[in-house]
Amino acid sequence: MATTPDNALGSWGLIAGNGDFPFLVLEGARTRGIEMAVIAIREEASPALAQAAKRLHWISLGELSRGIDLLHKEGVKHAVMAGQVKHNKIFSAIRPDWRLAKLLFSLPSKNTDSLIGAIARVLLDEGIELVDSTKFLGSLLPAVGVLTRRSPDEAESADIAYGRTIAHNIAGMDLGQTVVVRDRACVAIETMEGTDETIERAARITGRQKLVVVKVSKPQQDMRFDVPVIGTKTIDVMRRSHATALAIDAGRTLLFEREALIRAADASGIAIQAFPPEHEPKSNKS
C-alpha cells in the first residue's frame, strides 16, 4: 500500500463532493498540521466550504482538465476524494470537457469503480496520488461488535445473515452496497439512488412493516473512493421507515457524527452491529 508523508504540508489536496465528508477530512487533516487545497464540485459540494477551506476552487463536474490544472497550480501531490458525487449525474445534462469525454468513451462500463478508477489513473499519470479517503478519519471506522445498547434479536439476526449474503453479491457486481430485508426476503436493493432512498422505497413497498438494513463494502473495496457511509440522517430515515436493525462492515464503514448517531439509534431502539468484512481492501495503487 502506498504511503504519503503527513509533513508534506503544501502537497495535499481535497476533491470535495456532497455531505459532511469533506469537512471531516479538512478537520482531520488540520489536527496533523495539514492545510488542504480544496477542489469543490459545484453541482455537489456545500457552499459552506467557502468558510471552511482557506484555499478553495470551484469546478463543474465535467471539468476534469481544469481540476487537474488547479491541483498542479496548488502544488498538490497527494489528493483525497471525499463526499459523494451521485452516479446518476453521468446521465445528466452536464457537458464533459474533452478529457473527461475521452475517458468516458474509453470505458467498457460506467459503474463507479470503473469511472473513478480511471480518474485515479489519470491523476497518477499527472503525478498526483489518490490516497485512502479514510486516512484522517480512523476514529470514525467501527471495530467488530454491537455498537448500540441493544443487540439485534433472533429474527433481526436471521435477516442480517440473509441480507449480508445478498448484499455481498450485488456489491461484487458494483450495483450497490445496501439491501433492505424483511422475514429473509429482499425488499429493496440499492442502485444509483443511495442508501436513504433505498430504505424509504422498502418502507413504501411493505407499508412500513419492520425492516432490517444491511450495508457492506465491495469485494476488495478501494478505500480511495466510494467508501460506505452512515450518518444521523440514515438513522432518522430508518426510524421513520420502521427499520429496526442495521448491519455494517467493521473498518470499512464511516460513521459520521458517530456519538450522535449511536445516541439517535439508541433513542429509536435501533440495533447496530459491525461485522468482519469478507474481503481484504484493494491496494491504493491504481
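Above this text sits the structure in question.
A brief report on the enclosed structure follows. If you're wondering where the values come from, they're calculated on a predicted model, not measured in any experiment.

**Describing the side chain of Asp97**
You can see Asp97 is positioned in the loop between β4 (78-82) and α4 (98-106). At 7.0 Å, Arg99 is the nearest oppositely charged side chain to Asp97, a buried residue that forms no salt bridge. In terms of polar contacts, Asp97 uses its side chain to reach the backbone amide nitrogen of Leu100, at 2.8 Å. Asp97 has contacts with Gly62, Glu63, Leu64, Ser65 and Arg66, leaving out every residue within four places of it along the chain.

**Quick notes on the pattern of salt bridges**
With the rule as written, the count across this model stands at 14 salt bridges. One salt bridge connects Arg99 with Glu126, and the closest N-O pair in it is separated by 2.5 Å. Remark: Glu126 occurs in the loop between α5 (112-125) and β5 (129-130) and Arg99 occurs in helix α4; sequence separation between them is 27 residues. The class of Glu126 is partly exposed, set by a relative accessible area of 26%. Close ionic contact of Arg201 with Glu193 constitutes a salt bridge, the shortest N to O distance being 2.4 Å. The class of Arg201 is partly exposed, set by a relative accessible area of 26%.

**Observations regarding unusual backbone geometry**
Residue Arg208 is not a glycine yet carries a positive backbone phi of 60 degrees. With respect to the secondary-structure elements, Arg208 resides in the loop between α7 (195-206) and β9 (211-215). Here Arg208 falls in the partly exposed class, since its relative accessible area comes to 43%.

**Some points on the sheet that holds strand β6 (residues 145-146)**
The strands making up a sheet are joined through hydrogen bonds of the backbone, oriented either antiparallel or parallel. Read across the sheet, 6 strands follow the order β6-β13-β11-β9-β7-β8 without closing on themselves; strand pairing throughout is mixed. Unpaired on one side and paired on the other, β6 and β8 (185-189) mark the two borders of the sheet. Against the sheet, α7 touches β7 (178-182), β8 and β9, its axis set at about 130 degrees to β8.

The rules behind the values
- Counting from 1, residues in each chain are numbered in the order their sequence is written.
- Residues qualify for local features only when their pLDDT is at least 70, as the model is predicted, and side-chain atom pairs are given and counted only at 80 or more; totals for whole chains, interfaces and linings, by contrast, use all residues.
- Excluded from the side-chain calculation are hydrogens and water; included are all heavy atoms of the structure.
- Per the convention used, a helix needs a DSSP run of H or I reaching at least four residues, while a strand needs a run of E reaching at least two, with both numbered from the N terminus.
- Only protein chains enter the accessibility calculation, which uses a 1.4 Å probe; a residue whose area is less than 20% of its type maximum is buried, one above 50% is exposed, and one in between is partly exposed.
- Charged-residue counts in this description rest on Lys and Arg as positive and Asp and Glu as negative, His and the chain ends being excluded.
- When a carboxyl oxygen of Asp or Glu is within 4 Å of a side-chain nitrogen of Lys or Arg, the pair counts as a salt bridge.
- Here a polar contact is taken to be a pair of N or O atoms separated by no more than 3.5 Å, where protein atoms must pair a possible hydrogen donor with a possible acceptor and residues adjacent in sequence count only if both atoms sit in side chains.
- Note on definitions: a residue-residue contact is assigned when non-hydrogen atoms from the two residues lie within 4.5 Å.
- Note on pairing: DSSP must find at least two bridges between two strands before they are called paired.
- In this description, a line fitted to the C-alpha atoms serves as the axis of each element, helices being fitted only across the stretch in contact, and the angle between N-to-C directions of two axes falls anywhere from 0 to 180 degrees.

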